[in-house]
Amino acid sequence: MGDLSGKHALITGGGTGIGAAIALRLANAGAKVTISGRRLAPLEEQCAKNALIKAATVDVIDPESVAAMFAGARDKNGPVDIVIANADIGKAAPIGKTSLEMWNETMQVNLTGTFLTLKHAAAVMAELQWGRMITIASTAGLMGSAYTSAYSASKHGVIGLTRCLAVELAGSGVTVNAVCPGFTETDMVKKSVANIMKKTGRDEEFARKALADTNPLGRIIQPEEVAAAVLWLVGPGSDAITGQSISVCGGATW
């Protein structure tokens, strides 16, 4: 599904988890891939898996750093055709224990970082008259749940931004969509498991089952399943898909 030869994809938060899985899937489909993040070591680890993957460090909340990321990516691999805004953080706390610092940090990385990334992408893609923008949101952007007020609010914002840009860029050759994973086998889920174990005093098996039970399929989503949805949205035949929020969650939401 989808030969991406000749395309150049840039992925923020590409060193681990979902971002790393997307990078490998797109590179295996023939795309040149630039992965970015704050830490170079995990980026280089992913680069070793496919020669088409290159690394660039970035702080997505710093406009100058984001601009430098795009400029560096272009110098190495040419104009960016595909942008995956994946960088995020997730912390859980009841509203009474959600500090302003935690709220602001979550909004800066998850929402402002996505805004800055897509703003630069729009300028690049306007010149190309073609492009694919994908935001990695979450089912938390489609529904609410306890203890996730900051994270959920930021992801609702990401979906709203995605929909607005899809309308704004309609007819330009650029599509904008969100992919919304449920609980996925990443470091964030590992932290959630540890938190459940700490609060309940139960073992890892119990904690993982508690997360899996939120999915009608009864299991945790794999990063490669999210990557497959992204490949479909950026590949041939996806021109009419824009402004959508695609849930990859085993039917937990729609």
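The coordinates are above.
What comes next concerns the included structure. All values reported here derive from a predicted model rather than from experimental measurement.

### Remarks on the packing of aromatic side chains
- Within this structure, the stated rule accounts for zero aromatic pairs.
- The ring of Phe-206 has Arg-202 lying over it, and the distance from NZ or CZ to the ring centre is 4.1 Å.

### Quick word on the sheet that holds strand β6 (residues 174-181)
- The seven strands are arranged β3-β2-β1-β4-β5-β6-β7 in an open sheet whose pairing can be described as parallel. One side of each edge strand has no neighbouring strand; the edge strands of this open sheet are β3 (53-57) and β7 (245-248). Neighbour to neighbour, the strand axes of the sheet diverge by 20° on average, direction disregarded.
- For strand β1 (residues 8-12) and strand β4 (residues 82-85), the ladder comprises three bridges, and the chain directions are parallel. The residue of β4 that forms the bridge with Leu-10 is Val-83.
- Contacts from helix α5 (residues 149-168) reach β5 (131-136), β6 and β7, with the element oriented near 160° to β6.

### Looking at the layout of surface pockets
- Reported here for the second largest pocket is a volume of approximately 250 Å³.
- If you list the elements that add at least two residues to the lining of the second largest pocket, you get α1 (17-28) and α8 (223-234).

### A word on the pairing of strand β2 (residues 32-37)
- β2 sits mainly inside the fold: five of its six residues count as buried.
- Sheet topology places β1 next to β2; five bridges connect them, and they run parallel. Note on β2: the bridge partner recorded for Thr-12 is Ser-36.
- At this point the chain moves from β1, through α1, to the parallel β2, and the crossover so formed is right-handed.
- Pairing of β2 with β3 involves five bridges; the strand directions are parallel. From the neighbouring strand, Val-33 faces β3, where its bridge partner is Ile-53.
- In the classification by handedness, the crossover that spans β2, the intervening helix α2 (residues 40-47) and the parallel β3 is right-handed.

### Overview of the environment of Glu-224
- Here Glu-224 is to be found in helix α8.
- Between the alpha carbons of Glu-224 and Gly-17 there is a distance of 9.2 Å; along the sequence they are 207 residues apart.
- Setting aside chain neighbours within four positions, we find Glu-224 in contact with Ala-21 and Arg-25.

What counts and how
Residues numbered from 1 in each chain as written. Predicted model: local features only at pLDDT ≥ 70, side-chain atom pairs only at ≥ 80, totals over all residues. Heavy atoms only, no water. Phe/Tyr/Trp six-rings, centres within 6.5 Å; stacked < 30°, edge-to-face > 60°. Lys NZ or Arg CZ within 6 Å of the ring centre and 35° of its normal. Pairing = 2+ DSSP bridges. Helix = DSSP H or I, 4+ residues; strand = E, 2+ residues; numbered from the N terminus. Axes fitted to C-alpha atoms, helices over the stretch in contact; angles between N-to-C directions. Contact = heavy atoms within 4.5 Å. 1 Å grid on protein atoms, 1.4 Å probe; cavity = no way out; pocket = protein on both sides within 12 Å on 5 of 7 lines; lining within 4 Å. Points joined across faces, edges and corners; volume = space filled by probe spheres on them. Buried < 20%, exposed > 50% of the residue type's maximum accessible area, 1.4 Å probe, protein only. Right-handed = clockwise from strand over helix to strand, strands pointing away.

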